[in-house]
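A look at the structure
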Amino acid sequence: MEAAETQQWFLRKQEDGTVFGPLSFEQLARWASTAQIAPHDSVSADQQSWIKAPMLAELGMDWLVEVTSERYYGPTTLGAVFEFMRLGEITSETFVINTCDGTRRQIAELEPPVGELAMAESGAAAPETEGMSINFEDRIRDLEQSLSEEREALRDCETRYRELEARYRELVTQISPEGTAR
């Protein structure tokens, strides 16, 4: 199998199926580092076998952005993380997780990748920069679902508490003041 860096590549956007290419690996890597390749986009060297872009290890899409305590974006490149920060979608206080070693750090603790943030010109038309696509309607629906689940759990706990309290009272009435059973 030919090395990823020496092959020509094609990029298929998940949102509309648009295919870009053929591209050099260098161009593909630049697009990944400037947030132009989303986690659900696919890449192929032959337009027959497609894999999700993060599965191509050489792209370095190894970072998850902690959008909220329950929602993550990625995996994506460290360059894309800094691009999201430049675009104002996240701040330097946002946490990211390295999927290779499991470390969780604030972006402020990381060094931006050298030279990856400047997009080089090429003959290929570039896809638009991908945002993290935080759909607030989906987020509200997720929060409402979580709230509903928490309320159900609370009702279950209250029911169990009442059952245990009734059982406790029953046991207390069976024991005499001296601590012996009646």
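Residues numbered from 1 in each chain as written. Predicted model: local features only at pLDDT ≥ 70, side-chain atom pairs only at ≥ 80, totals over all residues. Heavy atoms only, no water.

1. Quick look at the sheet that holds strand β3 (residues 42-44)
Selection criterion: Any two strands between which DSSP finds at least two bridges are classified as paired. Counting from the N terminus, the helices are DSSP H or I runs at least four residues long and the strands are E runs at least two residues long. Whether two residues are in contact is decided by their heavy atoms, any of which lying within 4.5 Å being enough. Only the contacting stretch of a helix is used when fitting its axis, a line to C-alpha atoms as for every element, and angles between N-to-C directions run 0 to 180 degrees.
Sheet architecture is open: 4 strands sit in the order β2-β1-β3-β4, paired in antiparallel fashion. In the strand order of this sheet, the two ends are held by β2 (19-24) and β4 (51-52), each with one partner. Summarising the sheet, strand β1 (residues 8-12) and β2 pair through 4 bridges and their orientation is antiparallel. Within the sheet, the bridge partner assigned to Gln8 lies in β2 and is Ser24. Sheet strands touched by helix α1 (residues 25-33): β1, β2 and β3. Its angle to β2, the strand with the most contacts, is close to 120 degrees.

2. Remarks on the sheet that holds strand β8 (residues 104-106)
Reading across from one edge, β6-β5-β7-β8 is the order of the 4 strands in this open sheet, with antiparallel pairing throughout. The open sheet has two free edges, formed respectively by β6 (72-76) and β8, since each of these has just one partner strand. For this sheet the average axis-to-axis angle between neighbouring strands, irrespective of direction, equals 25 degrees. Pairing between strand β5 (residues 63-66) and strand β7 (residues 95-98): 3 bridges, direction antiparallel. When the bridges of β7 are listed, Val65 appears paired with Val96. In the packing of helix α2 (residues 78-86) onto the sheet, contacts are made with β5, β6 and β7, and the angle to β6 comes to roughly 135 degrees.

3. Digging into the environment of Gly74
Cut-off, in case you're wondering: Residue exposure (1.4 Å probe, protein chains only): buried if accessible area is under 20% of the type maximum, exposed if over 50%, otherwise partly exposed.
As for its position among the elements, Gly74 is in strand β6. Residue class for Gly74 comes out partly exposed when judged on its relative accessible area of 23%. Along the primary structure Gly74 and His40 are separated by 34 residues, whereas in three dimensions their C-alpha atoms are 8.8 Å apart. Contacts of Gly74, omitting those with residues within four sequence positions, involve Pro39, Trp63 and Leu64.

4. Some points on the nonpolar core
The cut-off we apply is this: Definition used in this section: a nonpolar core is a set of buried Ala, Val, Leu, Ile, Met, Phe, Trp, Tyr and Cys residues joined via side-chain atoms within 4.5 Å.
Residues Trp9, Leu11, Leu28, Ile37, Val43, Leu56 and Leu59 are the most contacted members of the largest nonpolar core, which totals 15 residues. If you list the elements that add at least two residues to this core, you get β1, β2 and α1. Of the residues forming this core, the biggest block, 4 residues, is contributed by α1. Non-local contacts of Val43, meaning those with residues more than four positions away in its chain, are made with Trp9, Phe10, Leu11, Leu28, Ser49, Trp50, Ile51, Ala53 and Leu56. Counting 14 residues, the second largest nonpolar core, distinct from the first, contains Trp63, Val65, Val81 and Phe82.

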